[in-house]
Amino acid sequence: MAYPATKNKAASRKPQRSHRFQGITRTLWVLFGGGLALFVLYVWAVSVNFLNLFGRMPNLKTLENPKSELASEIYSADGALMGKYFRENRTPAEYKDLPQNLIDALIATEDVRFEAHSGIDLKAMGRVASGILTGSKGGGGSTLTQQLAKLLFRTREDLNDGLLNDTKGLRVLIVKTKEWIMAVRLERNYTKREILRMYLNQAEFGSNAFGINVAAKTFFNKKPKDLKLEESALLAGLVNGPSWFNPVRNPERSKRRRDWVLGQMQKYGYISEPEYSKAVATNIKLNYSVENQNKGIAPYFRTELGKLLLQWARETDHDLYADGLKIYTTIDSRMQKYAEQAVAEHMKQQQKLFDRVWKGQQPWRDENGRVIPNFLQTAIKRTGRYRSLNNRFDGNKDSINYYLRKKYKMTVFTWQGEKEVTMSPMDSLAYYKRFLQTGFMAMNPLNGQIRAWVGGNDFRYFKYDHVKQGMRQPGSTFKPFVYLAAIDQGYSPCYQVADVPVTFPAEAGRPSYTPRNFEGKYSGQMYTIRQALARSMNSITAFLVQKVGPKTVVKYAERLGITSPIEAVPAVGFGSSDVSVFELCGAYGTFVNKGVWTAPMMVTRIEDKNGNTLIEFVPQTRTPISEETAYLMTYLLQASTTERGGTSTILKTGFKFPYEMGAKTGTTSNYSDGWFMGITPDLVCGMWVGGEDRSIHFRSGRDGQGARMALPLYGLFMKKVYADNKNIGISTGPFPKPAKPLTVEIDCSRYYGAGQRDTIPDDQKLNQVKLEDIRNQDI
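**A look at the packing of helix H18 (residues 479-488) against helix H23 (residues 627-642)**
No. 1: Contact geometry of H18 with H23 gives a least axis separation of 10 Å together with a crossing angle of 135 degrees. One element, H18, and the other, H23, form an angle in the oblique class. Helix-helix and strand crossings are classified by hand; for H18 and H23 the assignment is right-handed. Every residue of H23 that contacts H18 at Pro480, Tyr483, Leu484, Ile487 and Asp488 is listed here: Thr629, Leu632, Met633, Leu636 and Leu637.

Put into C-alpha cells, the structure is as follows:
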C-alpha cells in the first residue's frame, strides 16, 4: 500500500518540476536575448562612436584604402636604388613575391583557422574566455585580420580618444571591440590573399624593418621570394615580439622561437617530419645590415636633395617620409662609385702627407705660423656634446670639463678602416680636426644633370657637405671670370701683357695692394692672355682686373650663376670671396655649353607609389655670354693642360689623357684651400681639399697648392671613367667650335718670345710618369 502512495506523490510533483525548469529556461533565454541585444547595441554604439563615448572609427573610404607609411625611394639615372627617406622603413611586396613557406609559417603561428573564419575566430575567443575563468593560459584570440586592423588603424593610439577610454577596465574592451568590427569589415572588403599581403607589408620585424621586403633584406640580404624555410620561420616568429626575439641581440631565444614555429608548421601539416628535423638542425645564419641614412649611394647628395624635396612636399601636400614616392635623380651610380673610389685613394695619400708634415705638432696655426691658443677649447663649445653638457649641468665648468675629459670606448674613422679606441670627447675632437676634408662634384653642362657628388671623406663620421654647404675662398679658380670679362670686352687670347707688378692704389681706408706671383717674382717678359691663364700669373690677372674693373668681374660671376656675395675689391680676381664647388661647376658649365648657363640639376621626376608622375623637372637656363666667347674660354682653359708652364700639364704627361681638356687650379694665400676645375665637352668637375678650419693647412705651397691637393683627384676619377666609357659614354671628342667663324685670332704662336713654346715638348709628353711620382714632382 505504501508503494503506490509514494508513486502517486512523485507523479504529483513532476508537473511542478517541469514547470520550474521551463521557467528557468525561459529566464535564461530572456537573459541571453537581452544580453545579446545589449551586446549588439554596444557594438553598434562603438561602431558609430555614440555620444563620442568610444572614440573614432575609420570610415568606409579609409577601410577601402588603408594608408600605411611607405619609405620614399631614391633612384639613380641608371636605375640603381640609392637609398630611402623614411620614418618607418617599409617597401611593399606583392603577394606573388611571398614564398609559400612564409605564409604557412605565419598562419601556423598566428591564426591556424585563418581560411575558415570571417575576421573573428569564435573558437579561439572561447579558449581565451575559458583560460580567463580557469586561470590557465590558452593562447591568444586575435586573428591575423584583427592584428592587421590594429596595425593599420593604430587602435591603441590614434582611435583611442573617446570619453570612456580612460575608464579603468573599459579601455581594453573598447579597443578589442573596434578590432573585431574592423576585422569583419576588412574581411568583407578584401580577399584572404590581400589580407595576408597587407599584414606582411605592415608588420614590424625590429631593427627598423617594417614589412617583409625590408625584413628579408635586413636580416638575410634577400628578397622575400628567396627565403629558405628556416628563414621564413624566423621572420614569422619575430612579429610576435620584434625586440624579444631579435636574432642579433638574442640569438638563443630567437632560435627557440624559430624552432617552435617550425613545430607548429609540422603540427598542422605544412611540413613533414624530415623537413622539420632538417630545419631545426640548421643554425641561424644572418646577413644583417640595417638600412639608414648613412648607407646607400651618394649620402651627401641624398641629404642635400632631401632639403629640396621637403620644400616641394610642403608646397604640394605630400609626406616625403611616408608616401612611398619614387624619386629619380641625375646621379650616375657608376660615376658616383668612381668618384668615391678616387676620393678615398687621393685623400688617403693626402692625409698621410699632412700627418708627416705636422708629425708631433699641432696644425692649427695663425697667419704667422704660431699655434692658436685654446683652439680646441673654443672649438668644443661649438659641438652638440658641449651644449648638451652645458644644459645638463647648468653651465658648471667643473662638471662639463670632467665629462669632456672622461675616456669612453668608441669607434673612429681611419683611412685604413674603422678602429676601436678609448678616447675622451676632447681627444676625439683633436683627432678629427687633423683630417683634411674634400668636396667633389661632376656635372653634365649640356643639361645641368649632376652625375657624381662626394661631400666629404665618409658620411658616417663627417656629416658636413663640402660641395654645396661648404663655402671657401676659390683662389685662382675664380680667375676665369676676369678673363671672361676681358674676352667679352674685346681682348683676344693672343693679347700680350707684361709680367710686371701691378699696384692697386689705396682707397676708402683700404691700403694699396700689389698681388704677387705664386713664385714671388716677375720675369718682365710679355705673355699672351692664354699663356697667363695657363700659368695662373697673378700679375697679368691684376692687369686685367684694373682694365675691366672689379665690379665688372662680379657682374660676370653673377651672370654665370654665382649667388654667394662677392665683394667688388681688387682681390676679387684671386678668389677673395667664398663660393661653393656647386656654384663653380654651374659657372664653368657655361663655357662648355656654348654660353648657356644651366643650373645644376639633382632630380628629373617624382612618381607616386603607383607609378604616376607627379612632377617632371626641366633644366633652368639662360644665355649670359655669346657662343664665341664661351668657346674662347674653353680654348683658354685648355692651355693649362697643353702649354709648357701650364699648371695642369700633368693631366697629359702623367695621366696620359689624349683628349681635349680644360682645367684651372686654385690655391689660397695660406694654403688652406686647394681647388681644381676640369672640363671636357660634356663633363665639368669641381673639387676642393682643405682643413675643416681655415687655420688647418699645409706649411708651404709645395704641398698646399691646388695642383697637388686637388688635381690628382680629378685625374684618378677621369681615368676610371674613361676606362668604363663603353658603359658611361662621355665624349672623347674636341670642344665643338661655334657655328659661325671666329672673329678673333687664336693662333698665338707668332707672339711667343725666345724660350717660349705653345705646347708641351713631345719628349715630355712621352715620358712615362707613375701616379706616385705625380705627387712628388714640382707642378
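Now that the structure has been shown, we can carry on.
**Here we look at the pairing of strand S14 (residues 613-616)**
No. 1: Pairing of strand S13 (residues 603-607) with S14 involves three bridges; the strand directions are antiparallel. Residue pairing in the sheet places Arg605 in a bridge with Glu616 of S14.

**As for the state of the cysteines**
No. 1: If you walk through the whole model with that rule in mind, you get one disulfide.
No. 2: Across a sulfur-sulfur distance of 2.0 Å, Cys494 and Cys748 are joined as a disulfide pair. Residues Cys494 and Cys748 are joined through a disulfide that is left-handed, its torsion about the S-S bond being -80 degrees. Remark: Cys748 occurs in the loop between helix H28 (725-728) and helix H29 (762-766) and Cys494 occurs in the loop between H18 and strand S10 (496-498); sequence separation between them is 254 residues. The same class applies to Cys494 and to Cys748, which are both buried.
No. 3: Here Cys585 is not cross-linked by a disulfide; its sulfur's nearest cysteine counterpart is in Cys685, at 7.1 Å.

**What to know about the sheet that holds strand S8 (residues 436-443)**
No. 1: The antiparallel open sheet is built from five strands, whose spatial order is S9-S8-S18-S17-S16. With partners counted over all chains shown, the strands left at the sheet margins are strand S9 (450-454) and strand S16 (662-667), one partner each. Within the sheet, the average angular offset between the axes of one strand and its neighbour, ignoring direction, is 5 degrees.
No. 2: Pairing geometry for S16 and strand S17 (residues 673-680), over six bridges, is antiparallel. Paired with Gly666 across the bridge in S17 is Trp675.

**Re the nonpolar core**
No. 1: Counting residues in hydrophobic clusters, the biggest one holds 140 residues, and the most contacted among them are Ile327, Phe440, Trp453, Tyr483, Phe717 and Met718.
No. 2: The dominant element in this core, judged by the number of residues it contributes, is helix H13 (residues 333-357), at nine residues.
No. 3: What Phe440 contacts, discounting residues up to four positions off in sequence, is Ala339, Val343, Ala452, Trp453, Val454, Val467, Cys685, Gly686, Met687, Leu713 and Phe717.
No. 4: Of all hydrophobic cores here, the second largest spans 35 residues; its members include Ala93, Phe114, Phe153 and Phe220.

**Describing the sheet that holds strand S2 (residues 81-85)**
No. 1: Pairing in this open sheet of five strands is mixed, and the strands run S2-S1-S5-S13-S14 from one edge to the other. Two strands close off the open sheet at either side, each with one partner strand: S2 and S14. Taking each pair of neighbouring strands and ignoring which way they run, the sheet shows an average axis angle of 20 degrees.
No. 2: The strands that helix H12 (residues 299-316) touches are strand S1 (72-75), S2, strand S5 (326-329), S13 and S14; relative to S2, the one it contacts most, it runs at about 50 degrees.

**Details of the side chain of Asn201**
No. 1: Along the chain, Asn201 falls in helix H7 (residues 192-202).
No. 2: Residue Asn201 is classed as buried on the basis of its relative accessible area of 7%.
No. 3: Of note is the side chain of Asn201, whose polar atom sits 2.8 Å from the backbone nitrogen of Ala93.
No. 4: Those residues in contact with Asn201 that lie beyond four places of it in its chain are Arg90, Thr91, Pro92, Ala93, Phe210, Gly211 and Ile212.

**Digging into the pattern of salt bridges**
No. 1: According to the stated counting rule, one finds 29 salt bridges in the structure shown.
No. 2: Salt-bridge contacts for Lys720 lead to Glu345; the nearest nitrogen and oxygen are separated by 3.8 Å. Here Glu345 lies in helix H13 and Lys720 lies in helix H27 (residues 711-723), a separation of 375 residues in the sequence.
No. 3: Given a relative accessible area of 22%, Lys720 falls into the partly exposed group.
No. 4: Here the salt bridges do not stand alone but share partners, grouping Arg382, Lys433, Glu692 and Asp693 into one network.

**Some details on helix H22 (residues 581-592)**
No. 1: Its 12 residues give H22 an end-to-end C-alpha distance of 17 Å, which sits within 8% of 16 Å, the value for a rise of 1.5 Å per residue.
No. 2: Listed as buried for H22 are Val581, Phe582, Glu583, Leu584, Cys585, Gly586, Ala587, Tyr588, Gly589, Thr590, Phe591 and Val592.
No. 3: Immediately downstream of H22, the backbone of Lys594 shows phi near 60 degrees, a positive value.

**Some remarks on the packing of aromatic side chains**
A ring pair, where both rings are aromatic, is described by two values, the distance of the centres and the angle of the planes.
No. 1: This model, assessed by the stated rule, comprises 29 aromatic pairs.
No. 2: With a centroid separation of 6.4 Å and 90 degrees between ring planes, the pair formed by Tyr85 and Tyr321 is classed as edge-to-face. Of this pair, Tyr85 sits in strand S2 while Tyr321 sits in the loop between H12 and S5, placing them 236 residues apart in sequence.
No. 3: Residue Tyr321 is classed as partly exposed on the basis of its relative accessible area of 25%.
No. 4: Relative to Phe435, the ring of Tyr432 lies with its centre 6.1 Å away and its plane at 35 degrees, an arrangement referred to as tilted.
No. 5: The class of Tyr432 is buried, set by a relative accessible area of 16%.

**Regarding unusual backbone geometry**
No. 1: Of note, Ala298 is a non-glycine position whose phi angle comes to about 55 degrees, a positive value.
No. 2: Inspection of the secondary structure assignment puts Ala298 in the loop between helix H11 (273-280) and H12.
No. 3: Unusually for a residue other than glycine, Asp394 sits at a positive phi of about 50 degrees.
No. 4: Looking at the secondary structure, you find Asp394 in the loop between helix H15 (384-392) and helix H16 (397-404).
No. 5: For Asp394, a relative accessible area of 72% corresponds to the exposed category.

Calculation notes
- Residues numbered from 1 in each chain as written.
- Predicted model: local features only at pLDDT ≥ 70, side-chain atom pairs only at ≥ 80, totals over all residues.
- Heavy atoms only, no water.
- Axes fitted to C-alpha atoms, helices over the stretch in contact; angles between N-to-C directions.
- Helix = DSSP H or I, 4+ residues; strand = E, 2+ residues; numbered from the N terminus.
- Parallel < 35°, antiparallel > 145°, perpendicular 65-115°, else oblique.
- Left-handed = near helix turned anticlockwise from the far one by under 90°.
- Contact = heavy atoms within 4.5 Å.
- Pairing = 2+ DSSP bridges.
- Disulfide = S-S within 2.5 Å.
- Buried < 20%, exposed > 50% of the residue type's maximum accessible area, 1.4 Å probe, protein only.
- Core = buried A, V, L, I, M, F, W, Y, C linked by side-chain atoms within 4.5 Å.
- Polar contact = N/O pair within 3.5 Å; in protein donor to acceptor, adjacent residues only side chain to side chain.
- Salt bridge = Lys/Arg side-chain N within 4 Å of Asp/Glu carboxyl O.
- Expected span 1.5 Å × (residues − 1).
- Phe/Tyr/Trp six-rings, centres within 6.5 Å; stacked < 30°, edge-to-face > 60°.

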